[in-house]
Amino acid sequence: MARRKRKEEHVNHERWLVSYADFITLLFAFFVVMFAASNEDEAKAGQVARSFQAAFSELGIFSPSAASVAIFGDGDAAASAMLDSIVIMPGPGGGKGEGDYELEQVQDRLEKMLEREVEEGQVRLNIDSRGLTVSLNEAGFFSPGAAVIEAQALEALEGIAARLLDLPYDLRVEGHTDDIPISTARFPSNWEFSTSRATNVLRYLIAQGGIPPSRLSAVGYGEYRPVAPNDTREGRGLNRRVDIVVLSTSAEQLEPKALAEKTLEETGAPIAFLDGPEESADSPENPAGD
């Protein structure tokens, strides 16, 4: 009986297309980042770069790393500063959130810029689950019992505002006091006192720092969020502070949105409240203003 001839296996000569497609994809991403870097809008450039790198890291194209991407040499300091927040994000399960590395870089720069204030204990910086907290102690920024920012502290506050201006995060200004009650004609309690200090810092960030009001919020905690025991002079000094919190991406998700950004399902508000013109109290439908 004649043996059957084995069919010859055809070699796939098109396997190179896989590697070529990966190369083209990476090349496309590179030129998109370069184009974004040439844009004058630093915040948008960083957002575009982070979006591409986060997407590619999820696909396993980039190996996990926390190293900064060096695109420009030292000769172009302005362009390098624009992209110094671009990082290669870890893949799934890599640990840190998308904005954590950038906040750490901001913390390092603020510590260098405010080296004297940090050494003297006037400013403290910390990163936690909420984001980056810049604590302004009463000593150095406010007079005891006063809510007006001291003139000698404005330079440091201006530098902080300039560093936070182009970050794509919301900011919350929080006022705190120690447990010694205040009772004056202007501040009946520590609630008003802490809120007034926070509001004054917020107003400076808007008027002098140029930060959009939509990114800001202010709150007063009184003596109820201490960071140290109030039974010592040093502890009370640490508790009398104003915190500027740069909210992380996860913390921002918990913040209330403006009505225009919400859907009907989220608000439960009638269509008229979302789309219709606001009726005045003297409208024909409501002549009595009820």
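Report on the accompanying structure. Computed from a predicted model, the values in this text were never measured in an experiment.

Definitions and limits used
Residues numbered from 1 in each chain as written. Predicted model: local features only at pLDDT ≥ 70, side-chain atom pairs only at ≥ 80, totals over all residues. Heavy atoms only, no water. Helix = DSSP H or I, 4+ residues; strand = E, 2+ residues; numbered from the N terminus. Buried < 20%, exposed > 50% of the residue type's maximum accessible area, 1.4 Å probe, protein only. Contact = heavy atoms within 4.5 Å. Areas by Shrake-Rupley, 256 points an atom, 1.4 Å probe, with all protein chains shown as cover. Core = buried A, V, L, I, M, F, W, Y, C linked by side-chain atoms within 4.5 Å. Expected span 1.5 Å × (residues − 1). Salt bridge = Lys/Arg side-chain N within 4 Å of Asp/Glu carboxyl O. Polar contact = N/O pair within 3.5 Å; in protein donor to acceptor, adjacent residues only side chain to side chain.

When helices and strands are counted, the protein shows 12 helices and 5 strands. Considering the protein as a whole, with its 290 residues, one finds that 34% of them fall into the buried category. Restricting to contacts in the protein with at least 6 residues of sequence separation, those with at least 24 account for 63%. As presented, the protein carries roughly 18,200 Å² of accessible surface, and 55% of it is formed by carbon and sulfur atoms.

Take the nonpolar core next. Grouped together as the largest cluster of nonpolar side chains are 32 residues, with contacts concentrated most on Val-134, Val-201 and Ile-244. When contributions to this core are tallied by element, the ones reaching two or more residues are α4 (100-113), β1 (123-128), β2 (131-137), α7 (154-165), β3 (171-176), α8 (190-207) and β5 (241-247). Leave out the neighbours within four places in its chain, and Val-201 touches Phe-142, Ile-149, Leu-157, Val-173, Val-242 and Ile-244.

Attention shifts here to α7. Relative to the 16 Å expected for 12 residues at 1.5 Å per residue, α7 spans 16 Å between its end C-alpha atoms, a close match to the ideal helical length. Burial in α7 covers these residues: Ala-156, Leu-157, Gly-159, Ile-160, Ala-161 and Leu-164.

Turning to the pattern of salt bridges, a few remarks are in order. Per the counting criterion, the structure on display carries 9 salt bridges. Across the pair Arg-116 and Glu-117 runs a salt bridge, and its minimum N-O distance is 2.9 Å. A relative accessible area of 9% places Glu-117 in the buried class. Note that Glu-138 and Arg-197 form a salt bridge whose closest N and O atoms lie 2.8 Å from each other. Remark: Arg-197 occurs in helix α8 and Glu-138 occurs in helix α6 (residues 138-141); sequence separation between them is 59 residues. Accessibility classification places Glu-138 together with Arg-197 in one group, the buried group.

For the rest of this paragraph, the subject is the side chain of Asp-178. Looking at the element boundaries, Asp-178 is found in the loop between β3 and α8. Side-chain polar atoms of Asp-178 contact the backbone nitrogen of Ile-180, separated by 3.1 Å. Setting aside anything within four residues of it in sequence, one finds Asp-178 in contact with Asn-190, Glu-223, Asn-230, Arg-236, Asn-239 and Arg-240.

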